[in-house]
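Observations on the three-dimensional arrangement
Below are the chains, spelled out letter by letter.
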Amino acid sequence: MALNLKPISGTTNRVIVEPAAAEEKTASGIYIPDTAKEKPSKGTVVSVSEEDSEGKKPSVKVGDVVLYGKYGGTELPIDGKDYLIMRENDIYAIVL
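Read on for an overview of the structure. In this text the structure is predicted, and so the values were computed from the model without any measurement. (Residues numbered from 1 in each chain as written. Predicted model: local features only at pLDDT ≥ 70, side-chain atom pairs only at ≥ 80, totals over all residues. Heavy atoms only, no water.)

Below, the discussion takes up the overall build of the protein chain. Within the protein chain, the regular secondary structure consists of 0 helices and 6 strands. Taken from the N to the C terminus, the helices and strands of the protein chain come in the order β-β-β-β-β-β. Look at the contacts in the protein chain between residues 6 or more apart in sequence, and 62% of them connect residues 24 or more apart. (Helix = DSSP H or I, 4+ residues; strand = E, 2+ residues; numbered from the N terminus. Contact = heavy atoms within 4.5 Å.)

Now the structure itself:
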């Protein structure tokens, strides 16, 4: 089911990201308890605004896997899933 939500841009483009799942265990096989898991800093873009107040188009598109700051964006729970809405300039990189 596609996310039926489109961010409205203000002074900068807005992006809605579905965060990747937190790591369940370490590379050596040790399981990480919920209290010790770090917030993911990687996710998939599910929606973007059309353009900002200056008419600039966003540089990310739906489906891009992006890296962002650990505490970037605002949590947005919709239909039992968690999303983040953030400014496009809070995104550090697109994973190729």
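That covers the picture; the talk isn't over yet.
Scanning the entire structure with this criterion turns up 3 salt bridges. A salt bridge links K81 to E18; its shortest N-O distance comes to 2.8 Å. Here E18 lies in strand β1 (residues 14-19) and K81 lies in strand β5 (residues 81-87), a separation of 63 residues in the sequence. A relative accessible area of 39% means that K81 is categorised as partly exposed. Given the relative accessible area of 26%, E18 is considered partly exposed. Put simply, E54 and K56 hold a salt bridge, and the shortest N to O gap is 3.2 Å. (Salt bridge = Lys/Arg side-chain N within 4 Å of Asp/Glu carboxyl O. Buried < 20%, exposed > 50% of the residue type's maximum accessible area, 1.4 Å probe, protein only.)

So, on to the nonpolar core. In this structure, V15, V17, V45, V48, V60, V66, Y68, L84, M86 and I91 together form the largest nonpolar core, which totals 10 residues. Looking at this core, the elements that each hand over two or more residues are β1, β2 (42-48), β3 (65-68) and β5. In contact with V17, other than residues within four places in its own chain, are G43, T44, V45, V46, V66, Y68, Y83, L84 and M86. (Core = buried A, V, L, I, M, F, W, Y, C linked by side-chain atoms within 4.5 Å.)

One non-glycine residue with positive phi stands out, namely D79, at about 50 degrees. Looking at D79, the relative accessible area reads 65%, which means it is exposed.

With that settled, the discussion passes to the side chain of E88. Position of E88 among the secondary structure elements: in the loop between β5 and β6 (91-95). Despite its burial, E88 pairs with no opposite charge, the nearest such side chain being K56 at 8.9 Å. Setting aside anything within four residues of it in sequence, one finds E88 in contact with N13, V15, P58, S59 and V60. (Lys, Arg positive; Asp, Glu negative; His and termini not counted.)

Taken together, L67, Y92 and V95 make up a surface patch of nonpolar side chains, about 290 Å² in accessible area. By relative accessible area, which is 35% here, V95 ends up partly exposed. (Patch = residues over 30% accessible without salt bridge, like charges linked within 9 Å, V, L, I, M, F, W, Y side chains within 5 Å. Areas by Shrake-Rupley, 256 points an atom, 1.4 Å probe, with all protein chains shown as cover.)

With antiparallel pairing, 6 strands are arranged side by side in an open sheet as β4-β5-β1-β2-β3-β6. With one partner strand each, in any of the chains shown, β4 (74-78) and β6 form the two edges of the open sheet. The sheet shows a mean angle of 40 degrees between the axes of neighbouring strands, taken without regard to direction. Where β1 meets β2, 5 bridges bridge the pair, whose relative direction is antiparallel. (Pairing = 2+ DSSP bridges. Axes fitted to C-alpha atoms, helices over the stretch in contact; angles between N-to-C directions.)

Purely geometric numbers; function is a separate question.
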